[in-house]
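Spelled out, the chains give:
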Amino acid sequence: MAGQEQDLAGKTVVVTGASSGIGAEAAAKLVARGATVAVVGRSPERTAEVAQRVGAEAFLADFARFDEVRKLAEQLLDRYERIDVLANNAGGAWAKRTVTDDGNELTFQVNHLSPFLLTALLRERLGQSRARVINTSSMTYRMAKLNLDTVNAATGSFNQMGAYAASKLANILFTRELARRTEGTGLVTAAFHPGAVATHVYDNAPLGLGALIRSPLSRPFFIRPDKGADPLVHLATVADGESINGKYFHRFKEEAPSNKQAVDLDFAQRLWTMSEQITGLASNSTE
């Protein structure tokens, strides 16, 4: 997916999940292209280190807590008069079902509900800036079965990969529905699979696989985070924003979603309504 890049000088980019991995690498690349970059992370030490190293500004938020997401939105709105790119990159996978203080299944909250909430809280500013919302998804969405009655349940059977895949399918549905609701406003949104990247997202994998994946032994099978960041940077900078709007990319190649749920408009709307209710947002969103 080749194309001219837009100039990022004078533009502001927010990258979540930027204390390591793809987010940290993307932040560095975007700063190098002239953007003012806000790096958002959960770890104070790692987030501050990345911000200092790449020349960005550090913001802290744990996406397992809605109150911290709301505080983050307030801080970003106070700090930046415009937000030109929001990269919803924060995410994770957990081996056991965990219920957050907000009463949600942890994987679903961190990977979908909190990015949904942050985007909604910033939406007016994003609209004013004719911004881009870039969502880090995963090819695991292909195998996902998203059941709105059970995906956020506090009890019941739980499978780490199934929960992760469902949340990544939710990222694609969110992208498509956001594009539909903002059509004609200038806001552009896209989702992408970065490739099989050796990052901390695997830290909670069983049998110590996380450390193995990030070790040199995994290099024949996993790309490094700097390569995984390239599709994010491309979608944030490609000149023709309308060419990517509402679409999903497998790295740089547009992919027609193979999971039937991913193209179900009614299902996307139901997920949106459910997400508004869970996050406490007003239900009278502008269509």
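Residues numbered from 1 in each chain as written. Predicted model: local features only at pLDDT ≥ 70, side-chain atom pairs only at ≥ 80, totals over all residues. Heavy atoms only, no water.

Q: Looking at this structure, how should I read the overall build of the chain?
A: Within the chain, the secondary structure is distributed over 9 helices and 8 strands. Look at the contacts in the chain between residues 6 or more apart in sequence, and 75% of them connect residues 24 or more apart. Counting every atom, the chain has about 12700 Å² of accessible surface; 50% of that belongs to carbon and sulfur. (Helix = DSSP H or I, 4+ residues; strand = E, 2+ residues; numbered from the N terminus. Contact = heavy atoms within 4.5 Å. Areas by Shrake-Rupley, 256 points an atom, 1.4 Å probe, with all protein chains shown as cover.)

Q: What exactly am I supposed to notice about the environment of Glu49 here?
A: Examined against the element boundaries, Glu49 turns out to sit in helix α2 (residues 44-54). Classification of Glu49 as partly exposed rests on a relative accessible area of 40%. In the structure, Glu49 is positioned 25 residues away from Ala24 in sequence and 10.0 Å away in space, judged by C-alpha atoms. (Buried < 20%, exposed > 50% of the residue type's maximum accessible area, 1.4 Å probe, protein only.)

Q: Quick question: what am I supposed to make of the packing of helix α1 (residues 21-32) against helix α8 (residues 230-237) here?
A: To characterise two packed helices, one gives the angle between the axes of the helices and the distance between these axes. Remark: α1 packs on α8, axes separated minimally by 9 Å, with the N-to-C direction vectors making an angle of 45°. Accordingly, the angle class assigned to the pair α1 and α8 is oblique. The crossing of α1 and α8 is right-handed. Side by side, α1 and α8 meet where Ile22, Ala26, Lys29 and Leu30 of the first sit next to Asp230, Leu232, Val233, Ala236 and Thr237 of the second. The residue makeup of the contact of α1 with α8, split by class, is 6 nonpolar, 1 polar and 2 charged. (Axes fitted to C-alpha atoms, helices over the stretch in contact; angles between N-to-C directions. Parallel < 35°, antiparallel > 145°, perpendicular 65-115°, else oblique. Left-handed = near helix turned anticlockwise from the far one by under 90°. Nonpolar A, V, L, I, M, F, W, Y, C, P; charged D, E, K, R; others polar.)

Q: What is the right way to read the sheet that holds strand β8 (residues 253-254) from this model?
A: Two strands in a sheet stick together by hydrogen bonds in their backbones, pointing the same way (parallel) or opposite ways (antiparallel). Ordered in space as β3-β2-β1-β4-β5-β6-β7-β8, the 8 strands form an open sheet in which the pairing is mixed. Here the strands that pair on one side only, and so sit at the sheet edges, are β3 (57-60) and β8. Bridge count for strand β2 (residues 36-41) against β3 is 4 bridges, and the pairing is parallel. Residue pairing in the sheet places Ala38 in a bridge with Glu57 of β3. Docked against the sheet, α8 engages β4 (85-88), β5 (132-136), β6 (188-193) and β7 (247-250), running at close to 165° with respect to β5. (Pairing = 2+ DSSP bridges.)

Q: What am I meant to see in α2 here?
A: The α-helix advances 3.6 residues per turn, and as a result positions three or four apart in sequence lie on the same side. Buried residues of α2: Thr47, Val50, Ala51 and Val54, and no others. Looking straight down α2, one finds its buried side chains confined to an arc of 100°; they lie on one side. Away from its buried face, by an angle of more than 90 degrees, α2 presents the exposed residues Glu45 and Gln52. Gly55 lies just past α2 and shows a positive phi near 85°. (Arc of directions from axis to C-beta.)

Q: Hey, could you run me through the pairing of β2 in this one?
A: For a regular strand, the rule is simple: side chains alternate between the two faces of the sheet. Burial within β2 is extensive, with 5 of its 6 residues counted as buried. With α1 bridging strand β1 (residues 12-15) and its parallel neighbour β2, the resulting β-α-β unit is right-handed. As a crossover connection, the stretch from β2 through α2 into β3 is right-handed. (Right-handed = clockwise from strand over helix to strand, strands pointing away.)

Q: It is not clear to me how the packing of helix α5 (residues 160-181) against helix α9 (residues 265-279) should be interpreted in this structure. Could you clarify?
A: Relative to each other, α5 and α9 sit at 95°, their axes nearing to 9 Å. When the interaxial angle is binned, α5 and α9 end up roughly perpendicular. Residues Ala170, Leu173, Phe174, Glu177, Leu178, Arg180 and Arg181 of α5 lie in contact with α9, whose contacting residues are Leu265, Phe267, Ala268, Gln269, Leu271 and Trp272. Of the residues in the contact of α5 with α9, the class split is 9 nonpolar, 1 polar and 3 charged.

Q: So what exactly am I meant to see when it comes to empty space enclosed by the protein here?
A: Gaps left between atoms are located by rolling a probe of water-molecule size over the structure's atoms. Tallying each qualifying case throughout the model produces 2 cavities of 30 Å³ or more. For the largest cavity, the calculated volume is near 50 Å³. Elements represented by at least two residues in the lining of the largest cavity include exactly α4 (106-128), β5 and α5. Taken together, the residues that form the lining of the largest cavity break down as 3 nonpolar, 5 polar and no charged. Reported here for the second largest cavity is a volume of approximately 40 Å³. Every residue lining the second largest cavity is listed: Phe116, Thr119, Ala120, Arg123, Phe174, Leu178 and Trp272. When contributions to the lining of the second largest cavity are tallied by element, the ones reaching two or more residues are α4 and α5. (1 Å grid on protein atoms, 1.4 Å probe; cavity = no way out; pocket = protein on both sides within 12 Å on 5 of 7 lines; lining within 4 Å. Points joined across faces, edges and corners; volume = space filled by probe spheres on them.)

Q: Explain unusual backbone geometry to me, please; I cannot follow it from the model alone.
A: A negative phi angle is the norm for most residues apart from glycine, just as the trans form is the norm for most peptide bonds. In this model, Arg130 sits at a positive phi of 50°, which is unusual for a non-glycine residue. Although it is not a glycine, Arg251 adopts a positive phi angle of roughly 55°. Looking at where Arg251 falls in the secondary structure, it is placed in the loop between β7 and β8. When its relative accessible area of 22% is taken as the criterion, Arg251 is described as partly exposed.

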